[in-house]
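Each chain, letter by letter, is given below.
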Amino acid sequence: RDIGSKVFKNAKIKLFIDVSAKIRAKRRHKQLIEQGEKSIYSRILKNINLRDKTDTKRVSSPLIVPNNAIIINNSHSFKKTIFQINKVLKNYK
């Protein structure tokens, strides 16, 4: 979930894709329902929040926004997210 702070810490461009836990839970819930699986939104949200807490508090390689990273808001459509990424990349040419 975060490779810009350890694996590619010297990358010239670092993007951190961010979206709220509620939106991630909503997307996952929808995905499971579309696959014909039973899904409980509140349980998915609880698990996502727990995972985020665990990932940000772990001792080894905690989830962080890497230094100099550009935060991309992924709260909207895929198309809008790609537009934001392309805009950043064009500025680095």
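No experiment lies behind these values; they were computed from the predicted model shown.

Visitor: Help me get a handle on the packing of helix H1 (residues 21-34) against helix H2 (residues 41-57), residues and values and all.
Guide: Put simply, H1 and H2 touch, their axes get as near as 9 Å, and they point 130° apart. With respect to H2, the element H1 is oriented oblique. Considering how the two elements wind past one another, H1 and H2 form a crossing that is right-handed. Mapping the contact onto sequence places Ala21, Lys22, Arg24, Ala25, Lys26, Arg28, His29 and Leu32 in H1 and Tyr41, Ile44, Leu45, Ile48, Asn49 and Asp52 in H2.

Visitor: Pulling in residues and values, what's your account of the environment of Asn73?
Guide: Residue placement: Asn73 occurs in strand S2 (residues 70-73). C-alpha of Asn73 to C-alpha of Phe83: the two residues are 10 residues apart in sequence and 11 Å apart in space. Leaving out residues up to four positions away in the same chain, Asn73 has contacts with Asp18, Thr81 and Gln84. In this structure the side chain of Asn73 is engaged in a polar contact, spanning 2.7 Å, whose partner is the side chain of Ser75.

Visitor: Just give me the short version of the side chain of Asn74, but keep the residues and values in it.
Guide: Tracing the backbone through its elements, the reader meets Asn74 in the loop between S2 and helix H3 (78-91). The residues touching Asn74, leaving out its near neighbours within four places in the chain, are Ile17, Asp18, Val19, Arg27 and Thr81.

Visitor: Summarise unusual backbone geometry; cite the residues concerned and give the values.
Guide: A positive phi angle, close to 50°, is found at Ser61, a residue other than glycine. Mapped onto the elements, Ser61 comes out in the loop between H2 and S2. Even without being a glycine, Asn68 presents a positive backbone phi close to 65°. Summarising the element assignment, Asn68 is placed in the loop between H2 and S2.

Visitor: Got a sec to walk through the nonpolar core? Specific residues and values, please.
Guide: In terms of nonpolar packing, the biggest core is built from 6 residues, these being Ala21, Ala25, Leu32, Ile44, Leu45 and Ile48. Residue assignment for this core shows that the elements contributing at least two residues are H1 and H2. Discounting residues that sit within four places of it in the chain, Leu45 has contacts with Ala21, Lys22 and Ala25.

Reading the values: the criteria
Residues numbered from 1 in each chain as written. Predicted model: local features only at pLDDT ≥ 70, side-chain atom pairs only at ≥ 80, totals over all residues. Heavy atoms only, no water. Axes fitted to C-alpha atoms, helices over the stretch in contact; angles between N-to-C directions. Helix = DSSP H or I, 4+ residues; strand = E, 2+ residues; numbered from the N terminus. Parallel < 35°, antiparallel > 145°, perpendicular 65-115°, else oblique. Left-handed = near helix turned anticlockwise from the far one by under 90°. Contact = heavy atoms within 4.5 Å. Polar contact = N/O pair within 3.5 Å; in protein donor to acceptor, adjacent residues only side chain to side chain. Core = buried A, V, L, I, M, F, W, Y, C linked by side-chain atoms within 4.5 Å. Buried < 20%, exposed > 50% of the residue type's maximum accessible area, 1.4 Å probe, protein only.

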